[in-house]
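Chain residues, written in single-letter form:
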Amino acid sequence: MIPEIGVFALIMALLVAAVQATLPLAGAHWGVVSWMRIARPAAVLQGLFAWTAFGCLATSFLTGDFSVLYVAGNSHSELPAVYRFAAIWGGHEGSMLLWQCLLSAWTVGVALCSRQLPQPYVARVLSVMGMLSIGLLLFLLFLSNPFERLIPAAAQGRDLNPLLQDPGMILHPPLLYMGYVGFSVAFAFGIAALLSGELNAAWARWSRPWTLAAWSFLTLGILLGSAWAYYVLGWGGWWFWDPVENASFMPWLVGTALIHSLIVTDQRGAFRSWTVMLAIAAFSLSLLGTFLVRSGVLTSVHAFAVDPGRGLYILCFMVMVVGSSLLLFAIRAPGVGLGGWFALLSRESLLLVNNVLFSVAAMAVLIGTLYPLLLDVLNGGKISVGPPYFEAVFVPLMVPALVLMGIGPMVRWKRSAPVELRSQLRWAVGASGISALLLAWLLPRGTDATWTPLSAFGLLLAAWCVWSTLVQAAKRLSTAGTQGGSLRLRASRQPLSWWGMLLAHFGIGLFVFGVTLASGFETKRELTLSVGETVSVAGFDFRLDGVDEVPGPNYEAHRAHVQVLRDGEPFVALAPEKRRYRAQEMPLSQAAIDTGLLRDLFVALGDPVDDKTWSARIQVKPFMAWIWIGCVLMALGGLLALADRRYRVARRAPRTARAQRGDDAAARTAEAAS
Amino acid sequence: MKFIAPLIAFLGLAVVLMLGLQRDPRALPSALIDQPLPAIDIPLLQNPEQRFDSTALRGQVWMLNVWASWCGPCQEELPALNVLAHRDRVPLYGLNYKDQPAPAQALLARFGNPYRSSAVDADGRVGMDLGVHGVPETFVIDAAGRVRYRHLGPVNNEIWETKLMPVVKALQ
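Residues numbered from 1 in each chain as written. Chains lettered and ligands numbered in written order. Predicted model: local features only at pLDDT ≥ 70, side-chain atom pairs only at ≥ 80, totals over all residues.

## Overview of the overall build of chain B
Looking only at helices and strands, chain B features five helices and seven strands. From first element to last, N terminus to C terminus, chain B shows the α and β order α-β-β-β-α-β-α-β-α-β-β-α. Expressed as lengths along the three principal axes of its C-alpha atoms, the size of chain B is roughly 75 × 35 × 30 Å. Relative to its full complement of 172 residues, chain B shows a buried share of 37%. Look at the contacts in chain B between residues 6 or more apart in sequence, and 74% of them connect residues 24 or more apart. (Helix = DSSP H or I, 4+ residues; strand = E, 2+ residues; numbered from the N terminus. Buried ≥ 20, exposed ≤ 12 C-beta atoms within 10 Å, placed from the backbone. Contact = placed C-beta atoms within 7 Å.)

## Description of the overall build of chain A
The secondary structure content of chain A amounts to 22 helices and ten strands. Against the globule reference of 26 Å for 674 residues, chain A gives a C-alpha radius of gyration of 27 Å, in line with a compact fold. Principal axes of the C-alpha set define a box for chain A whose edges measure 80 × 75 × 55 Å. In chain A, the proportion of contacts linking residues at least 24 apart, taken out of those at least 6 apart, comes to 75%. (Rg over C-alpha atoms; globule rule 2.2 N^0.38 Å.)

## So, the sheet that holds strand β1 (residues 523-530) of chain A
Note: strands within a sheet are paired through backbone hydrogen bonds, in either parallel or antiparallel orientation. Residues and elements named next belong to chain A. Strand order in the open sheet formed by four strands is β1-β10-β9-β8, with antiparallel pairing between adjacent strands. Looking at strand neighbours, the two that pair on one side only are β1 and β8 (592-595), the edges of this open sheet. Each neighbouring strand pair of the sheet contributes to a mean axis angle of 20 degrees, computed without reference to strand direction. Bridge analysis of β1 against strand β10 (residues 613-622) gives eight bridges, and the strand direction is antiparallel. Bridging from a neighbouring strand, Lys524 pairs with Gln619 of β10. (Pairing = 2+ DSSP bridges. Axes fitted to C-alpha atoms, helices over the stretch in contact; angles between N-to-C directions.)

## Quick word on the confidence of the model for chain A
All names here are of chain A. Averaged over every residue, the pLDDT of chain A is 86; residues scoring 70 or more account for 91%. Note that pLDDT drops below 50 for residues 300-305; the model gives that stretch 13 contacts with residues more than four away or on any other chain. Contacts of residues 652-674 to residues separated by more than four positions or lying in other chains number 27 contacts, the stretch itself having pLDDT below 50. (pLDDT = per-residue confidence, 0-100.)

## Section: the packing of helix α1 (residues 2-30) of chain A against helix α3 (residues 39-63) of chain A
Residue and element names in this part refer to chain A. The N-to-C vectors of α1 and α3 enclose an angle of 160 degrees; their axes lie 8 Å apart at closest approach. As far as their axial angle goes, α3 and α1 are roughly antiparallel. The element α1 and its partner α3 pack so that their crossing is left-handed. (Parallel < 35°, antiparallel > 145°, perpendicular 65-115°, else oblique. Left-handed = near helix turned anticlockwise from the far one by under 90°.)

## Digging into the nonpolar core
All names here are of chain A. Grouped together as the largest cluster of nonpolar side chains are 211 residues, with contacts concentrated most on Ala53, Val125, Ala186, Leu253, Val254, Ala282 and Val603. The dominant element in this core, judged by the number of residues it contributes, is helix α9 (residues 201-231), at 19 residues. Of the residues that make up this core, three or more belong to each of domain 1 (1-165) and domain 2 (523-625). Setting aside anything within four residues of it in sequence, one finds Val254 in contact with Leu278, Ala281, Ala282, Leu285, Phe358, Ser359 and Ala362. (Core = buried A, V, L, I, M, F, W, Y, C linked by C-beta atoms within 7 Å. Domains from an automatic or database assignment.)

## Regarding helix α13 (residues 347-377) of chain A
Taking 1.5 Å of rise per residue, the 31 residues of α13(A) would be expected to cover 45 Å, and the 44 Å separating its terminal C-alpha atoms lies within 8% of that figure. At Leu370(A), α13(A) shows its strongest bend, of approximately 45 degrees, with the proline Pro372(A) following within four residues. (Expected span 1.5 Å × (residues − 1). Bend = angle between axes of the 7 residues up to and from the residue.)

## Comments concerning helix α7 (residues 119-142) of chain A
Because each turn of an α-helix spans 3.6 residues, side chains separated by three or four positions in sequence point in the same direction. The end-to-end C-alpha distance of α7(A), which contains 24 residues, comes to 34 Å, matching closely the 34 Å that a straight helix rising 1.5 Å per residue would cover. Here α7(A) lies mainly inside the structure; 19 of its 24 residues are buried.

## Remarks on the packing of helix α18 (residues 496-520) of chain A against helix α19 (residues 625-642) of chain A
All names here are of chain A. Viewed as axis vectors pointing N to C, α18 and α19 meet at an angle of 165 degrees, and their least axial separation amounts to 7 Å. Relative to α19, the element α18 is oriented roughly antiparallel. When the axes of α18 and α19 are compared, the crossing they make is left-handed. When grouped by side-chain class, the residues that make up the contact of α18 with α19 number 21 nonpolar, seven polar and no charged. (Nonpolar A, V, L, I, M, F, W, Y, C, P; charged D, E, K, R; others polar.)

## Digging into unusual backbone geometry
Residues and elements named next belong to chain A. In this structure, Pro152 follows Ile151 across a cis peptide bond, with omega equal to 0 degrees. Along the chain, Pro152 falls in the loop between α7 and α8 (167-196). One non-glycine residue, Asp159, lies in positive phi territory at about 80 degrees. In this structure, Asp159 sits in the loop between α7 and α8. Taking the C-beta count within 10 Å as the criterion, Asp159 has 25 such neighbours and is therefore assigned buried. Even without being glycine, Phe271 reaches a positive phi, approximately 55 degrees.

## Looking at the sheet that holds strand β6 (residues 137-141) of chain B
Residues and elements named next belong to chain B. With respect to topology, five strands assemble into an open sheet ordered β5-β4-β3-β6-β7, the strand pairing being mixed. On the outer flanks of this sheet lie β5 (118-121) and β7 (147-152), each paired with one strand and no other. When the angles between neighbouring strand axes are averaged without regard to direction, this sheet yields 20 degrees. Sheet analysis places β6 next to β7, joined by five bridges and oriented antiparallel. Note on β7: the bridge partner recorded for Thr138 is His151. Along the sheet, helix α5 (residues 157-171) makes contact with β6 and β7, crossing β7 at roughly 175 degrees.

## What about the pairing of strand β4 (residues 555-566) of chain A?
Walk down a regular strand and you will see the side chains alternate between the two sheet faces. Residues and elements named next belong to chain A. Strand direction decides the pairing type here: strand β3 (residues 540-551) and β4, joined by ten bridges, are antiparallel. The residue of β4 that forms the bridge with Arg543 is Gln563. Turn length for the β3-β4 hairpin, with the two strands adjacent in sequence and antiparallel, is three residues. Of the pairings in the sheet, the one linking β4 to strand β6 (residues 577-581) comprises five bridges and is antiparallel in character. Across the sheet, the residue bridging to Glu556 is Arg580, located in β6. In the sheet, β4 pairs with strand β5 (residues 569-574) via five bridges, with the strands oriented antiparallel. Bridge assignment links Val562 to a residue of β5, and that residue is Leu574. Between β4 and β5, which pair antiparallel one after the other, the connecting turn spans two residues, and Asp567 there sits at a positive phi close to 50 degrees.

## Quick word on the environment of Phe358(A)
Residues and elements named next belong to chain A. Note that Phe358 resides in helix α13. Put simply, Phe358 and Thr256 are 102 residues apart on the chain and 7.3 Å apart in space, counted from C-alpha to C-alpha. With near-sequence residues (within four places) excluded, Phe358 lies in contact with Leu253, Val254, Thr256, Ala257 and Ala401.

## Quick word on the confidence of the model for chain B
The predicted model of chain B has a mean per-residue pLDDT of 83, with 93% of residues at 70 or higher. In the predicted assembly, ipTM is 0.81 and pTM is 0.82.

## Things to note about the environment of Lys612(A)
Residues and elements named next belong to chain A. One can find Lys612 in the loop between β9 (599-610) and β10. In this structure, the C-alpha to C-alpha distance between Lys612 and Ser530, residues 82 residues apart in sequence, is 5.5 Å. Leaving out residues up to four positions away in the same chain, Lys612 has contacts with Ser530 and Val531.

Set out below in structure tokens:
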């Protein structure tokens, strides 16, 4: 009964979405207010139906209803309850339902938080999001119905893929999809602005908080996926340039360009057509990512669902969505003005360079990801593009971006005097040079790796990111004191978006530091360990004290007890496991990691050689945790910036005739007021 | 014109993706196609004293299926292989890849043994010679001892009828 309610809810959501997609749009076109008014209640109702369907699927999973094909394929009666819940998005159908539900959630969010926007604009935005919903709901109902019955019911489920039975996997897909789908808001705002023909600064301001939210979620989602690869795949790596990883990384790169480009359009009215192009591109790449992952067109370590029929549908959907929006862009963009003038040395031009670098990086990742496919289509044979290509292309693009990141915020809008810049730069350059030297001297030696020019450069770059951010902060807090007041008062006067930027840029510095040291100075050993034996790796002694057999809820495990000693003193005890999941007879190595600020100790168990001897992989990775900390700071920075009261003030401020006409001067006035 | 460029680029990409969908990403051509099968001389699973000798199979068309007890898809294909190999009287031999004898025997006992015999490739050397990517894989070998076809992934009715048997029939 419950699965049928789920299907019914999806059908109702589709019908409501059809209304939401058409009537308000027509109303906005012909100026019929009553039609436009339908947009908000329709969006909320559609969301309720979509989430009802989600609740039905969740109920089927939690009660273990194996008469539902999807539940039987992805769950098991022995599966712990929390993974039974996470199994909802463990397969194709459920992930697509999650996609739709999050799209509905964003739509409801826009419907509820857009009271101050002009009604025709909101009507268009919600219509565009309704169209996306229609595409997804049709796909769910006809090609990936998660509620399809299995008659007769299976006695037992096939279990969730053991690789996905991990705490990180509970949150990774929802966060990643929040990010993917969140770019649909920026997309819908951009398309609505193109449709209305008023592609001005106002839409950029309105879509900024939404884009920041989507970007922050995507950052966290990628972080969790990467952390999962680090401790579950058991190789000790954290980024593999795998097609599925790239699929999430491309929208992130373009999204990063977008949040910076939106600032320029919002505050200076420049880059209008470029910004809307980025908004279209960010969401298109999210769709492309979904296509690549869900169609099985590329092989990958993550290859989850392979079904060409579904691939064809997603491709057609993508062609309609992206094709029509690019067509709209081609028609409307030539009429868009250029915006304010700016000099060569100005914040605008530096942000433009940032945009170009990030877009080119996204393009390079796209080419690397699709090149094997292209070559295959041209009968050029099968190849795979590996990390060497990506590193060779990506690093040279990111280095200037990081250098500019330190300079950009110091430069004024429109035109900046080189003299003024020089004094700030002197401090930042000097401090980063000295601290890089100091770090190089302080860092523990005795690892395998030696200093290479690249790792020295990485350290300098990390120091630059951190110091240039600190110098900016010091400069702004000291000069903002012309009105007097204590440092604390001055700090509290600064807008939250500025603090968010500082936090995110600071996080990037920590991230670069972590990457440089973790990849440049790691020590890896593949060895065999007998009970009682001690091996020494990078100054730590690892002693295997014994191997127990431990039963788990739905697996049996061999658990090794590894005592780590430093200078003969017990340091930490690690317990890596080799599990065998009963339902799928699948072995899985659960690495044991001691995470510290200074280094990670990583032990993964391989196969047994005999009763008392096991093969093992031991790694010591210095400053690995800084990679995660850096990413968390970036995401927090984004969330902090979107909480800026400027966005709420702008929305609460009475709409003047100028703002409605979309004169960007109005936006600038609001900026000055805050 | 410059505003139409993104649309044109995207449509080009869509065509490539469309063509890519027609491809099977798993259909990896083997470097061994039309090459002689590397000589295999390793112990048998059921009877370790005897050895599996691939040269003794010259003169007939046969199949070699690479399998392991630790591989889920291998279990799935076993029942199908059991029915199909007997029905079409195709000599099917197994290569037990990187496995332990006890669980391998247990698996065959549980799901049925479709193989005339299985060779034990405990350290994966033969698999390396064959260029095994992932288990299961199935090779078709002609009377002259040359590899003529290779299938990656589990075999089901459809793959047997449309991919493997046409090759076998043509060679016979």
